[in-house]
Amino acid sequence: MIVTIAQIAAALNARAEGELDLAVAGASEPALARVDQLALAMDPKYAEGLGRGEAQAAVLWDGADWRAMGLKAAIFVQRPRLAMAGLSRVFDPGPEIAPGIHPTAIIDPSAQIGADAAIGPFVVIGRGVTLGARARLAAQVTVAEGAEIGDDALILQGARIGHRVRIGDRFICHQNAVIGADGFSFVTPEKSGVEEIRATLGSREEVRAQSWTRIHSLGHVVIGDDVEVGALATIDRGTVRATSVGNGTKIDNLVHVGHNVQIGRDCLLCGQVGIAGSARIGDRVVLGGQCGVSDNIFVGDDVIAGGATKIFTNAPAGRVLLGSPAVKMETHVEAQKNIRRLPRLFAQVAELRETVTKLLQTGAGTGQTDRGTEE
Amino acid sequence: MIVTIAQIAAALNARAEGELDLAVAGASEPALARVDQLALAMDPKYAEGLGRGEAQAAVLWDGADWRAMGLKAAIFVQRPRLAMAGLSRVFDPGPEIAPGIHPTAIIDPSAQIGADAAIGPFVVIGRGVTLGARARLAAQVTVAEGAEIGDDALILQGARIGHRVRIGDRFICHQNAVIGADGFSFVTPEKSGVEEIRATLGSREEVRAQSWTRIHSLGHVVIGDDVEVGALATIDRGTVRATSVGNGTKIDNLVHVGHNVQIGRDCLLCGQVGIAGSARIGDRVVLGGQCGVSDNIFVGDDVIAGGATKIFTNAPAGRVLLGSPAVKMETHVEAQKNIRRLPRLFAQVAELRETVTKLLQTGAGTGQTDRGTEE
Amino acid sequence: MIVTIAQIAAALNARAEGELDLAVAGASEPALARVDQLALAMDPKYAEGLGRGEAQAAVLWDGADWRAMGLKAAIFVQRPRLAMAGLSRVFDPGPEIAPGIHPTAIIDPSAQIGADAAIGPFVVIGRGVTLGARARLAAQVTVAEGAEIGDDALILQGARIGHRVRIGDRFICHQNAVIGADGFSFVTPEKSGVEEIRATLGSREEVRAQSWTRIHSLGHVVIGDDVEVGALATIDRGTVRATSVGNGTKIDNLVHVGHNVQIGRDCLLCGQVGIAGSARIGDRVVLGGQCGVSDNIFVGDDVIAGGATKIFTNAPAGRVLLGSPAVKMETHVEAQKNIRRLPRLFAQVAELRETVTKLLQTGAGTGQTDRGTEE
């Protein structure tokens, strides 16, 4: 992974100055950079660190005086985080999965494995599975019968792909994630307490014994192109139709996507988000860490919810949400401010009550007396 | 999985009309149904979809005119979700796990495997394990030493059953779940800050360094009959006695059940619920997604908690809870309404203060003066 | 695991009386104890249970009259939970992992395995891995290329250690945990809606389409000595620098630690805690179950947060937090009390408004008229 400044600049579509054929073997924070590393100093606040590290080249903010910093070369970027995406792609060696199929992998003869696959030890691939070209499956991954996965998949250790799941191209799935477990769907022979309180908003006529009968999951999971699923995340299969995740959506660690859920394109679901069964999520929705979405509701396109927001009711497109229950961000901020101001309000009302009581007893008392006689 | 209308009706204990020997090969939403599929149209709102799909037979709401819909046969049901349970059971082919013991599975010679087992690749079964009849274990499941599992178990890919765990009949365990990890239990040599604030409700005399000594988990986990555990869920072992889960309880994905917890019968714990150590949960309790239960508290029979409810104190039987901290559902709804009404209240109090101030300065001022002289 | 009363007392550094060479084969709750078990009755509330069980020896509270309880021997302890730590260590047989390297384990020839290792079936160890002395790895663990793990590691079934992760001595990692998955870090070519609302606190000029470009994780994870990680917990690798966890910190099941996070020494992170990217957590911080910490903030030393606390802003050292958003514990308790008192406040204000209105209409009305003319 040794590259020249010129190559990096080309990959970033960025301008470079100085010794363009200087080679670097990695990237680092400025203060920790070794002599063969590219320092990442895309903000003036990192300038000081450059002096402490050993880097001879750096990625700098626009207009930085690289010569004065003692560097031999510099690359200039406009949008640091976007540059990071390009830089990190250049320097990421990726996980080591040996080319070919490891002799311990067990692949059903009916499975179709695309060209240039890299399949690790103890992988198990079921009947009728289709894997696209250049699939990389790390150790101990399982892909159950009938699953179809597109080109360029990267599936890491211990991830579980369930039967008949359909996944697009460039899928990335992290360790121990589970795609296509059965949905959590049970029914009582009689109307259950949950059904009753949903209808009555909280009151119950009588509590009675009930046991749960399982509704099996006949549906599958359909995942678009360019989707990434984090470690230990789950996407359950649908009851009759499929649970679906649109193109470009990214799902973080420990996220739970329930059965029948429909998620649009280019969404971000951050760590530990939970989406209950049959909820629908629009396009470009961003849910911060630990957000929750109730079952059967709709979250419109471009909704953004801050961390730990709990969405119990439909959310219109474009809304920015916060709190539990979720409200518009400014409403939440105002409500919190109001709650903080309550002690003063209680004091003001107590004082008012005292003052008015005294008013009634004294000068205003006359009026009270008058009023009394009128009644 | 080809069955006749008559067979399905018998399985559902439902009435059928038309060509009872018509065979179907699956079920589908009405609009997506192929000619060999049974359309699921158990509510009049699905009638329109029937016209767009190709189904020749359907499950319909009571009283529907199937002939007018162009169908050849129909099955009539009273309680659609209950019918779904029966239908989905009929049509679910279940996961493919080849009969017998896969040659790569490693089973300790002292383990007892019941009749008609299906044990997949790379499964590892420890010393002294007992598995009941008809056990199905998918690839890469591990069952540690001394565990006992009843008849008809279905344990899916990568699930981990810990040592000496005892599980009843008809257990279903989804992918990568962990039953019987050690509890999270640590102690400091001196009283810890946590113990101190629990005693003082928040204040601490002094903060001091402390490191944690491990309390090992000597207890195990006891799980009843007909229990289902979701993907990536955890049930920790007890410290001395066992953590326990009663018959018929269903646990969803990513749920955490701490050490020493006692859970009753026929409960539902939805996705990402967390139950802290030594809490006791009664029978038929339903906890919505992302609920939390504090350690050492008691949640009574038939309690129902909405999504994201955090239960910090004992909850009496039959209570319907919502919010964080959990309160009665109607109290929570009222509190939220009150918070929304605060801006108006602030305005009213401000106006009152102004009015009263003016009252004091004017007509009522006389009274104030009088009062002043009296003091 | 048969030990004498004298041996146990020595292990606990505690005083014993009676037949010190009496042997016991385990520990139990008093009421359930068999004749060969040591009853754990460290509080007078357990005295009654001793009569129902069969134990001949017990661990008792200081000053208990063991002879009157019919026991043959007793051990006296001052701090019961600390005694439990010692007792449970004595009696825990630990997981059974056969000594040596199981023939099915696949270990890269370049890996260095320390003395006295116990490595189970189907374990996969990558290129250049270093494992210290006495490592115990249960079935199906994977350790990716370049990872370094210190002495006395215990890594349980299905845990995933990522490439180049560095871990200290005495590491304990529970089933299916994932250390060193890639961080969740994406960027849009143009400024995203999330960046915009962070800058404007909630308002957006216009909503536009955006898709996410991946920022790869070049950093690794550095974990100190004496760290324990729960089942199904995740610690993501850093973007450029390492995600780090200090000595003595304990992490419970299903916890999510995001990329670049820095966690200090001797912290406790309870079940389902989530820490977003680049947050910094001080030393001895205790986060109760389901707590959340926002990205890029700082939580000071010795902070203690109750269950389900959501920390959105920096928290000073020593603070005790509760609620969402997190506030000082006493502020939260006060706010909840104030919210419960709101119905009375609304009633008081309504009554005041009525009274003042009447005051204005009657005796005080004169004043109002006067005031009117003055303006």
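Here the residue index of a chain counts from 1 through its sequence in written order. Lettering of chains starts at A and numbering of ligands starts at 1, both following the order in which they are written. Residues qualify for local features only when their pLDDT is at least 70, as the model is predicted, and side-chain atom pairs are given and counted only at 80 or more; totals for whole chains, interfaces and linings, by contrast, use all residues. Remark: hydrogens and water are excluded; side-chain values derive from all non-hydrogen atoms of the structure.

Caption draft 1: The sheet that holds strand 2 (residues 15–18) of chain B, seen in detail. Residue and element names in this part refer to chain B. For two strands to be treated as a pair, DSSP must find at least two bridges joining them. The secondary structure listing takes helices from DSSP runs of H or I that are at least 4 residues long and strands from runs of E that are at least 2 residues long, numbered from the N terminus. Pairing is mixed across the open sheet formed by five strands, whose spatial order is 2-7-6-5-4. The open sheet is flanked by strand 2 and strand 4 (27–28), the only strands paired with a single partner. Pairing analysis gives five bridges linking strand 6 (residues 57–61) to strand 7 (residues 73–77), with the strands arranged parallel. If you follow Ala-58 over to strand 7, its bridge partner there is Ala-74. Contacts from helix 1 (residues 5–12) reach strand 2, strand 5 (38–41), strand 6 and strand 7 within the one sheet, and its direction differs from that of strand 7 by about 5°. Its contacts with the sheet place helix 3 (residues 80–91) against strand 4, strand 5, strand 6 and strand 7, and it is angled at close to 160° to strand 5. Throughout, a residue-residue contact means that at least one pair of heavy atoms, one from each residue, lies within 4.5 Å. In this description, a line fitted to the C-alpha atoms serves as the axis of each element, helices being fitted only across the stretch in contact, and the angle between N-to-C directions of two axes falls anywhere from 0 to 180 degrees.

Caption draft 2: Here's a closer look at the relation of the copies chain A and chain C. The two copies are related by a screw operation: chain A maps onto chain C through 120° of rotation and 0.0 Å of translation along the axis, at an RMSD of 0.1 Å. Taken together, the rotation and translation relating the two chain copies correspond to the operation of a three-fold axis. For this overlay, a least-squares fit was computed on C-alpha atoms, restricted to residues scoring pLDDT of at least 70 in both copies.

Caption draft 3: Inspection of the interface of chain C and chain B at higher detail. At the interface, 73 residues of chain C touch 81 residues of chain B. Salt bridge, as used here, is a side-chain nitrogen of Lys or Arg placed within 4 Å of a carboxyl oxygen of Asp or Glu. Connecting chain C to chain B are four salt bridges. A salt bridge links Glu195(B) to Arg79(C); its shortest N-O distance comes to 2.8 Å. What qualifies as a polar contact is a pair of N or O atoms within 3.5 Å, subject to a donor-acceptor requirement within protein and to the restriction that residues adjacent in sequence count only when both atoms come from side chains. On the surface where chain C and chain B come into contact, there are 26 residue pairs in polar contact (both at pLDDT 80 or more).

Caption draft 4: Region of the structure containing the confidence of the model for chain A. All names here are of chain A. Residues with a pLDDT of 70 or more make up 95% of chain A, whose mean pLDDT is 92. Per-residue confidence from the predictor is given as pLDDT, running between 0 and 100. Note on residues 364–375: pLDDT is under 50 here. Beyond four places in sequence and across chains, it has nine contacts. Scored as a whole, the predicted complex attains pTM 0.94, and scored at its interfaces, ipTM 0.92.

Caption draft 5: Geometry of the interface of chain A and chain C. Facing 72 residues of chain A, the contacting portion of chain C comprises 81 residues. Counting the surface lost from both chain A and chain C, the interface buries some 6,100 Å², and carbon and sulfur atoms represent 66% of this. Two parts lose some accessible area (1.4 Å probe) when they are put together, and adding that loss for both gives the buried area. On the chain A side of the interface with chain C, the three residues burying the most area are Arg79(A), Glu96(A) and Phe346(A), jointly 10% of the side's total. Counting across the interface, chain A meets chain C through 26 residue pairs in polar contact (both at pLDDT 80 or more). When residues of the side of chain A that touches chain C are traced back to their parent elements, those giving at least two are strand 4 (27–28), helix 3 (80–91), strand 28 (250–251), strand 31 (268–269), helix 5 (329–340), helix 6 (342–361) and helix 7 (365–374) of chain A. Among the elements that line the side of chain A that touches chain C, the one with the most residues is helix 6 of chain A, at 10 residues. By the convention adopted, Pro, Cys, Tyr, Trp, Phe, Met, Ile, Leu, Val and Ala count as nonpolar, Lys, Arg, Asp and Glu as charged, and the other residues, Gly among them, as polar. Class assignment for the residues of the side of chain A that touches chain C results in 35 nonpolar, 21 polar and 16 charged.

Caption draft 6: The arrangement of the environment of Glu195(A) in detail. The residue Glu195(A) is located in helix 4 (residues 193–200) in this model. Note on classification: 1.4 Å probe, protein chains only; a residue is buried when its accessible area is under 20% of the maximum for its type, exposed when over 50%, partly exposed between these limits. Take Glu195(A): its relative accessible area is 28%, and that puts it in the partly exposed class. When sequence neighbours within four positions are dropped, the list of residues in contact with Glu195(A) reads Thr188(A), Glu190(A) and Arg79(B). Of the polar contacts made by the side chain of Glu195(A), one reaches the backbone nitrogen of Ser192(A); its length is 3.0 Å. In this structure the side chain of Glu195(A) is engaged in a polar contact, spanning 2.8 Å, whose partner is the side chain of Arg79(B).

Caption draft 7: Region of interest: the pairing of strand 21 (residues 178–181) of chain B. All names here are of chain B. Bridge analysis of strand 18 (residues 160–161) against strand 21 gives two bridges, and the strand direction is parallel. Looking at strand 21, one finds that Arg-160 is bridged to Val-178. One ladder, built from three bridges, connects strand 21 with strand 26 (residues 234–236); its direction is parallel. The residue bridging Val-178 from the neighbouring strand is Thr-234, located in strand 26.

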